[in-house]
Structures are given as C-alpha cells and as structure tokens.
There are 2 protein chains.
Amino acid sequence: MEYQVKVEVSLKPGHSDPEGETTAKSLQDLRYPVETVKVGKVYTFTLSADSLEKAKKQVDEICQRLLANPVKDNYDSVVEEKSDRVSL
Amino acid sequence: MEYQVKVEVSLKPGHSDPEGETTAKSLQDLRYPVETVKVGKVYTFTLSADSLEKAKKQVDEICQRLLANPVKDNYDSVVEEKSDRVSL
C-alpha cells in the first residue's frame, strides 16, 4: 500500500530563527502589521508500507533519524492512504 | 483583530528540487521505500486586520510580493482568527 506523507519540521521555541527574523523585518518594511515570523520546512513524499500503523511508525523513525534534529527541531507528520487525488 | 496565518510555499512541478533529491537519496540509502521527496517552506505569523476577508487579502498580497516567487513557486495559505490556543 502507498501512503502520502507530509512532515513539517519547525524550530523549538527559544532557538534563533534568522530567516524568520529577516522575513518579519521585510514585511514590516513593507508596512504589514506582522510581529514575529517563524520559518519551517515541509517534506512531502510517498511511502510504501503494509499498514497505516507501520507507515506511521516508519515516518516517526525517518523524522528522528533524518529530517528533524532532536536538539533544536519539533516535527509533526500527517500520513494518509494514497488516493488518486490527494490534496496537500 | 489578530489572525493566525500559515503559508506553505512549494516548488511548481518541473522545477529542480536538489534538496528533495538529496533527502530522497539519503532515505533510500537508509532502506526506506521512498521515491521522490519534495521540500517546501512554511511561514507562520500573526497578522492584525479588521476582518478575516481583509486578512486573507493581505496574506495573498504578502505571498505574491515576498514569500513566493511567481516564476517557480506555488503557495497555499490558511488564515484563522487567533484564539488562546491555536494548534498549527
């Protein structure tokens, strides 16, 4: 079975986010009423697994081993059975 | 009124995504059954506006002017009224 996976990796609170700071500064310069901006990453991919449970377990493992740095990142994942049309 | 905004910026199909390719390669090396990986960015911020409609309009403008490159990026945004506890 194929599963559609979406993982969002963001910095833990308290960690410096220079890209977010620069984005916030640019938005303020353009006179948008924005204070802080946080920047994160999204990874989308398709994973083959026997069951949804196994797919979720594997995604957790992937996040911990490769996509997120446990020292500074939080991650959040969504795993769904793949249909012909998946809106992400 | 304060609005919680989440913008996801991803590459349009057909544009080269070297970070996604490297991630896919690393996952394959670790024996995960993954083919292609797409990498995008998520921006989260709080915006002040008079109404939800105005907030959405402003977010569209922000995406077009600053966050997304119309030549190579797609963007998708979610704008919600800010409550005490917003789960993103």
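Predicted, not measured: the structure shown is a model, and the values here were computed from it. (Residues numbered from 1 in each chain as written. Chains lettered and ligands numbered in written order. Predicted model: local features only at pLDDT ≥ 70, side-chain atom pairs only at ≥ 80, totals over all residues. Heavy atoms only, no water.)

**Considerations on the overall build of chain A**
The number of helices and strands found in chain A is 2 helices and 3 strands. The linear arrangement of helices and strands in chain A, starting from the amino end, is β-α-β-α-β. Along the three orthogonal principal directions, the C-alpha set of chain A runs to about 50 × 30 × 15 Å. The proportion of buried residues among the 88 residues of chain A is 36%. A separation of at least 24 residues holds for 71% of the contacts in chain A among residues at least 6 apart in sequence. Carbon and sulfur atoms form 46% of the exposed surface of chain A, whose accessible area is close to 5500 Å². In chain A, which carries 13 positive and 16 negative side-chain charges, the distance between the mean positions of the two groups comes to 2 Å. (Helix = DSSP H or I, 4+ residues; strand = E, 2+ residues; numbered from the N terminus. Buried < 20%, exposed > 50% of the residue type's maximum accessible area, 1.4 Å probe, protein only. Contact = heavy atoms within 4.5 Å. Areas by Shrake-Rupley, 256 points an atom, 1.4 Å probe, with all protein chains shown as cover. Lys, Arg positive; Asp, Glu negative; His and termini not counted. Charge placed at Lys NZ, Arg CZ, Asp CG, Glu CD.)

**Re the sheet that holds strand 2 (residues 34-48) of chain B**
Read from one edge of the open sheet, 6 strands run 3(A)-1(A)-2(A)-2(B)-1(B)-3(B), paired in antiparallel fashion. Each edge of the open sheet carries a strand with a single partner, namely strand 3 (73-81) of chain A together with strand 3 (73-81) of chain B. Each adjacent strand pair in this sheet contributes to an overall mean axis angle of 20 degrees, direction not counted. By the bridge criterion, 11 bridges tie strand 2 (residues 34-48) of chain A to strand 2 of chain B in an arrangement that is antiparallel. Bridge pairing in strand 2 of chain B links Tyr 43 of chain A to Val 39 of chain B. Across the sheet, helix 1 (residues 18-29) of chain A lies against strand 2 of chain A together with strand 2 of chain B, angled at about 125 degrees from strand 2 of chain A, the strand it touches most. Contacts from helix 2 (residues 52-67) of chain B reach strand 1 (2-11), strand 2 and strand 3 of chain B, with the element oriented near 150 degrees to strand 3 of chain B. (Pairing = 2+ DSSP bridges. Axes fitted to C-alpha atoms, helices over the stretch in contact; angles between N-to-C directions.)

**Side note on the relation of the copies chain B and chain A**
With an RMSD of 0.0 Å, the operation that places chain B on chain A is a rotation of 180 degrees combined with a shift of 0.0 Å along the axis. Accordingly, the operation relating the two chain copies is best matched by a two-fold axis. Closest approach to the rotation axis among the C-alpha atoms of chain B is made by Lys 41 of chain B, whose C-alpha sits 2.3 Å away. (Least-squares fit on C-alpha atoms with pLDDT ≥ 70 in both.)

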